[in-house]
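Architecture at a glance
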Number of protein chains: 2
Amino acid sequence: MSPFASMGFAGNPLDRLSERRGDAAALAALRESFCARAVVFVGGMPVLRPNGADFLVLHALGEACALAGAFEPVLLGRDEAGPVYGVMLPEKLLAGQPADPANSFVDQRRMTIAGRPDLIVGDLRALATAGALSEAETAILAQAKAVLHWHASHGFCARCGARTNVAQAGWRRDCPCCGAQHFPRTDPVVIVMVTQGDDCLMGRQKHFPAGMYSCLAGFVESGETLDEAARREIFEEAGVRLGAVDVLASQPWPFPSSLMIGCRAQALSREIVMDEVELEDCRWFSREEARAMIAGRHRENLQASNPIAIARRLLDHWLIEG
Amino acid sequence: MSPFASMGFAGNPLDRLSERRGDAAALAALRESFCARAVVFVGGMPVLRPNGADFLVLHALGEACALAGAFEPVLLGRDEAGPVYGVMLPEKLLAGQPADPANSFVDQRRMTIAGRPDLIVGDLRALATAGALSEAETAILAQAKAVLHWHASHGFCARCGARTNVAQAGWRRDCPCCGAQHFPRTDPVVIVMVTQGDDCLMGRQKHFPAGMYSCLAGFVESGETLDEAARREIFEEAGVRLGAVDVLASQPWPFPSSLMIGCRAQALSREIVMDEVELEDCRWFSREEARAMIAGRHRENLQASNPIAIARRLLDHWLIEG
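Here's a quick rundown of the structure.

What counts and how
Residues numbered from 1 in each chain as written. Chains lettered and ligands numbered in written order. Predicted model: local features only at pLDDT ≥ 70, side-chain atom pairs only at ≥ 80, totals over all residues. Heavy atoms only, no water. 1 Å grid on protein atoms, 1.4 Å probe; cavity = no way out; pocket = protein on both sides within 12 Å on 5 of 7 lines; lining within 4 Å. Points joined across faces, edges and corners; volume = space filled by probe spheres on them. Helix = DSSP H or I, 4+ residues; strand = E, 2+ residues; numbered from the N terminus. Pairing = 2+ DSSP bridges. Contact = heavy atoms within 4.5 Å. Buried area = accessible area lost by both parts, 1.4 Å probe. Salt bridge = Lys/Arg side-chain N within 4 Å of Asp/Glu carboxyl O. Nonpolar A, V, L, I, M, F, W, Y, C, P; charged D, E, K, R; others polar. Buried < 20%, exposed > 50% of the residue type's maximum accessible area, 1.4 Å probe, protein only. Arc of directions from axis to C-beta. Core = buried A, V, L, I, M, F, W, Y, C linked by side-chain atoms within 4.5 Å. Expected span 1.5 Å × (residues − 1).

**A closer look at the layout of surface pockets**
Of the voids in this model, the second largest pocket is the one considered here, and its volume is about 840 Å³. Asp246(A), Val247(A), Leu248(A), Val247(B) and Leu248(B) are, among the 38 residues lining the second largest pocket, the residues nearest its centre. For the lining of the second largest pocket, the secondary-structure elements that each account for two or more residues are helix H5 (226-238), strand S16 (242-253) and strand S17 (258-267) of chain A together with helix H5 (226-238) and strand S16 (242-253) of chain B.

Structure (C-alpha cells):
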C-alpha cells in the first residue's frame, strides 16, 4: 500500500455537484430532500452525537438549521444517501460542561451546546489523531471546516468594506455594493522531506508536542513555483540548499485552510543554520533514528509526527525507499 | 533540457528577505538605499521605459514613489544590485495614446502615463508571449502583479469591514479594528495532461485564441487533495475518469493570483461528455496531431498553447516521453 494512502482529511467521497451551485431550482430540491444531512460546527469545532461507543457526525439538516438560526447552509456535495451540508452555529450556543468529558478529543474547553446535553463539541485534529471517525467523515469535516471558517472570517467585501451575500450554494460571496465576487481561500504550503544519503532533516517548533520532530514547511508566496518555495523555506529555516525537488502527494489541512503539498528534496549542503524565530531545534536524523522515533524507542524519547499528517507519510516513504 | 525549464513567470532571482519584513530599521535602510529600484504597475499593467529596441522594467524607487503618491511600496526582495520594490500608480494617471503603439504587447487600450510620454503601459501576458523581457524580469513582474493586485482588491478587512493597514513590508494587511491579519492569496489550480496510449485530451474555452487547444484545468477547492481536484475537474469538464495522477511541475500565473500545478494522468475511459458551459470543444489528439499543432501545420489549423504556459510544457513532456 502507498505510504500516502488514507491520510487524515483526504479521501472525501462526496460528489461536490459544483455544476448545480448556480441552479436555484436544483438547490431548492436538494434542500427539501428528506435525506438532507449536515455536519455542524461551532467556534471552529465539530458538533457530534454520541451513539454508544461511537460518534455520529451527520445531523438531520432541518435540526441543524433550527439550531443555526439565520446561517445559510453550504452545500458540500452528495453521497448515495443524499445531499450533505455544512452548518455553523452561533458561538453564543457554546455552554460549559460536555456530556462526556472523558474523551480526549472533546474540546479542551469542555464545552457543549446550550440546552442540548445530547450533543458534544469535539476537536477535529484530536478526533483525526484518535482515529475516532472514518476516513470519509474526517474528510467531509475537513471540507466543511475550511469553507465555514472562510464564511465566518469573510462576511465583508475586502475591496470596498460592504457586507457580502452568500451565493453559489455557499461557494462564493458577492458584494452588493461594488459587485466583487469572492471565493473560498486554499493556501498552498510546501512541506519538504529533505534528505542526504542516509539522513533526513527535521525540525521542531516551540508549540509542537514534547519531543516531536517534523519536516520543514512554509506557505507558497505570490510569484513562486512549488520548487522555488521549497528552496526558499528550507534555506530560510535551516540554511540548507536543495538539489532536485519532487512533489509526492498532498493533503488538505483545514487549520484554517491550508493545502499541504508534500515534496522530497536532495540536500546539497549539510551545515544547519537554524532560524531561531521559527524553530526550536533542527537536526539531521539517520534512518535508524527515524525508525526508532516511529517505534517509540528513540534514546532521547524523540517522536515522529502522527500518521494522520503528510509529514509522517513523507518520512515513511523515505524509509521504505531506503 | 527539461521541458519545464524557463517557463514564463517562473525563475524569480530575488532573495525575498522575508526575515526582514518585520524589522523597521532594516526596512528603512533598504528604502533609503541609493540602488533601490521598483517595478511599476497601473491598472494591473506594467509600466516600461523604452530603451532603444528594448524595454526597461526597473525604475528608480524615488521616481516611482513620486508618481505613486501615497502608495506604500511592497518589498519584493533583493538582487546583487540592491532592493527591488513593487509600486502601484493610481489609475487616474492612465492617459490616451502610448509612445509606441506599434508594439503588440503595449496595452490594447493604448494608454500611457499622463505627463510622461517617455513611459509606456504594457500587457504582462503579451510581453511574456512576445519574449520581450528576460526570464528574471518576467518573473519579478509576475510576483509584483499578484501582490499589487491583492493590495488593490483587499483594502478592507474581510472579517469586520474596516480599512486595513499595510504591514510586513507589504506582505500582510492588519485590521486596526478587529485585529485580523490578512495575507496575500495564492490560488492553487490543477492543470492536467490526460493521456491514453498515443492520445491526449485537450479542450478549448470560448475566449481562447482561434483554434487553440490546451490541457483542462480548475481551481483546487476546500478539503481537496491535488489528485482529488484533478479527478473532479476532468470528470466535470470532459466526463473522463482518471487512474494515477502525478505532479510534474508548477508555474505562477498572476491573472490575478493563480499557482498552476501541472499534472499528468492516465485516462480510464475514452468517451467525452463535455461541459458545454466551461468548454467550446474537447477532443482526443494523437501525438502526430499534437506535433502538427506545435509546428503550425495541423490540417484544421489547430494550435497548441504558447510555450510560456505550463500547458504547452506538459504537452512537450508527453511528446518527449513517447
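The rest of the description comes next.
**Overview of the sheet that holds strand S12 (residues 181-182) of chain A**
All names here are of chain A. Spatially, three strands are ordered S10-S11-S12 in an open sheet, and the strand pairing comes out antiparallel. At either end of the open sheet lies a strand with only one pairing partner, and these are strand S10 (165-167) and S12. For S10 and strand S11 (residues 172-174), the ladder comprises three bridges, and the chain directions are antiparallel. Looking at S11, one finds that alanine 167 is bridged to arginine 172.

**Some details on the interface of chain B and chain A**
Taken together, the contacts link 43 residues of chain B with 43 residues of chain A. The largest per-residue losses of area from chain B upon contact with chain A belong to Ala158(B), Arg185(B) and Ser222(B), which jointly make up 18% of the total buried on that side. Our enumeration of links across chain B and chain A arrives at six salt bridges. Elements represented by at least two residues in the side of chain B that touches chain A include exactly helix H4 (135-153), H5, S16 and strand S17 (258-267) of chain B. A per-class count over the side of chain B that touches chain A returns 19 nonpolar, 14 polar and 10 charged.

**Structural notes on helix H2 (residues 61-68) of chain A**
Residue and element names in this part refer to chain A. Every buried residue of H2 is listed here: Leu61, Ala64, Cys65 and Ala68. The buried residues of H2 occupy an angular sector of 95° when the element is viewed end-on, so they sit on one face. Exposed residues on H2 whose side chains face more than 90 degrees from its buried face are Gly62 and Ala66. Following H2 by one or two positions, glycine 69 has its phi on the positive side, about 70°.

**Examining the sheet that holds strand S12 (residues 181-182) of chain B**
Spatially, three strands are ordered S10-S11-S12 (chain B) in an open sheet, and the strand pairing comes out antiparallel. Sheet topology places strand S10 (165-167) and S12 of chain B at the edges, where each strand pairs with a single neighbour.

**Concerning the nonpolar core**
Soluble globular proteins tend to bury their nonpolar side chains together. In terms of nonpolar packing, the biggest core is built from 72 residues, with Leu76(B), Val87(B), Leu89(B) and Leu315(B) touching the most fellow members. Contacts of Val87(B), omitting those with residues within four sequence positions, involve Ala38(B), Val39(B), Val40(B), Phe41(B), Leu61(B), Ala64(B), Ala68(B), Phe71(B), Pro73(B) and Leu148(B).

**Side note on the side chain of Glu289(B)**
Note on placement: Glu289(B) falls in helix H6 (residues 287-295). With sequence-adjacent residues up to four places away left out, Glu289(B) is seen in contact with Trp284(B), His298(B) and Arg299(B).

**Focus: H5(B)**
Residue and element names in this part refer to chain B. Compared with the 18 Å implied by 1.5 Å per residue over 13 residues, the 18 Å span of H5 between its first and last C-alpha is a close match. When we look at burial in H5, the residues that qualify are Leu226, Glu228, Ala229, Ala230, Arg232, Glu233, Ile234, Glu237 and Ala238. Of the residues flanking the end of H5, it is glycine 239, one or two places downstream, whose phi is positive at about 70°.

**As for the pattern of salt bridges**
The tally for this structure, following the rule as stated, stands at 44 salt bridges over all chains. Across the pair Glu19(B) and Arg20(B) runs a salt bridge whose closest N-O atoms are separated by 3.7 Å. Between Asp199(B) and Arg270(B) there is a salt bridge whose closest N-O contact spans 2.8 Å. Placement of the pair is Asp199(B) in strand S14 (residues 199-204) and Arg270(B) in the loop between S17 and strand S18 (281-286), with a sequence separation of 71 residues. A network of salt bridges, in which partner residues are shared, links Arg16(A), Arg21(A), Glu221(B), Glu224(B), Arg232(B), Glu233(B) and Glu236(B).

Nothing here speaks to function; it is geometry throughout.
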